[in-house]
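Structure at a glance
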Amino acid sequence: MSMQETGLKIRTLGDPVLRKKARPVKNLTDFQRKALSEMARLMYSVSGVGLAGPQVGISEALIVVDTGSSGLYKLLNPKIIKRQGFQSSEEGCLSVPGVSVKVKRSQKITLKALDEQAKPLIIEAEDLLARVFQHEIDHLNGKLIVDYQ
Ligand code: ZN
């Protein structure tokens, strides 16, 4: 694929890549760094708050998240290591246009991940930010909001 020429496109419900479990990134290269940058650009261009690799046809554990309050996260291999409490609200998804589903999530999470320099990070998130991380990590496991209906 050539991201430069064609740009990434958002895959929608029915595309099998959305149901595949994404591979963890073992050897970080410019491919992943470029993919994360392109994903962020695409996310902003459609006013999204998060995007995961499978949503653009890349079956690797990559996510970008920006809820507007704590800056842009570009993460590899995110994994939730602690959960506290619950929250429930309506969620949409760029890959499931026109649908919104009430989803119960953890209120507060701690996650570990790598940044785009392969540096390990521990991130604590709550409320909307925690919700978006959980939604994007679902994508890495092939899970979509329609599965919560
Ligand atoms: Zn989504």
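Anyway, here's the lowdown on the structure attached to this text. Everything quoted here is computed from the prediction, not taken from an experiment. (Residues numbered from 1 in each chain as written. Predicted model: local features only at pLDDT ≥ 70, side-chain atom pairs only at ≥ 80, totals over all residues. Heavy atoms only, no water.)

1. Topic: the sheet that holds strand β3 (residues 73–91)
What counts, and what does not: Strand pairing is assigned whenever DSSP identifies at least 2 bridges connecting the two strands. Here a helix means four or more residues in a row that DSSP labels H or I, a strand means two or more in a row labelled E, and each is numbered from the N terminus. Inter-axis angles, ranging from 0 to 180 degrees, are taken between N-to-C directions of lines fitted to C-alpha atoms, where helices are fitted over the stretch in contact. In this description, contact between two residues means that some pair of their heavy atoms is separated by no more than 4.5 Å.
Ordered in space as β1-β2-β3-β4-β5, the five strands form an open sheet in which the pairing is antiparallel. Of all strands in the sheet, those bounded by a partner on one side alone are β1 (50–52) and β5 (120–126). Taken pair by pair, the neighbouring strands of this sheet meet at an average axis angle of 30°, ignoring direction. Contacting β1, β2 (62–65) and β3, helix α2 (residues 30–45) crosses the sheet at an angle of about 35° to β2. Packed on one face of the sheet, helix α3 (residues 127–140) meets β1, β2, β3, β4 (101–114) and β5 and runs near 120° to β3.

2. Remarks on the pattern of salt bridges
What counts, and what does not: A pair is scored as a salt bridge if a Lys or Arg side-chain nitrogen falls within 4 Å of a carboxyl oxygen belonging to Asp or Glu. Here's how the labels work: a residue is buried when its accessible area is under 20% of the maximum for its type, exposed when over 50%, partly exposed in between, all with a 1.4 Å probe on protein chains only.
Counted according to the given criterion, the structure contains nine salt bridges. Put simply, Asp-15 and Arg-11 hold a salt bridge, and the shortest N to O gap is 3.1 Å. Ionic pairing is found between Lys-74 and Glu-116, a salt bridge with its closest N-O pair at 3.5 Å. With Lys-74 in strand β3 and Glu-116 in the loop between β4 and β5, this pair connects stretches of sequence that are 42 residues apart. For Glu-116, a relative accessible area of 22% puts it in the partly exposed group.

3. Some details on the environment of Leu-8
Note that Leu-8 resides in the loop between α1 (3–6) and α2. Looking at Leu-8, the relative accessible area reads 10%, which means it is buried. In sequence terms Leu-8 and Leu-140 are 132 residues apart; their C-alpha atoms lie 17 Å from each other.

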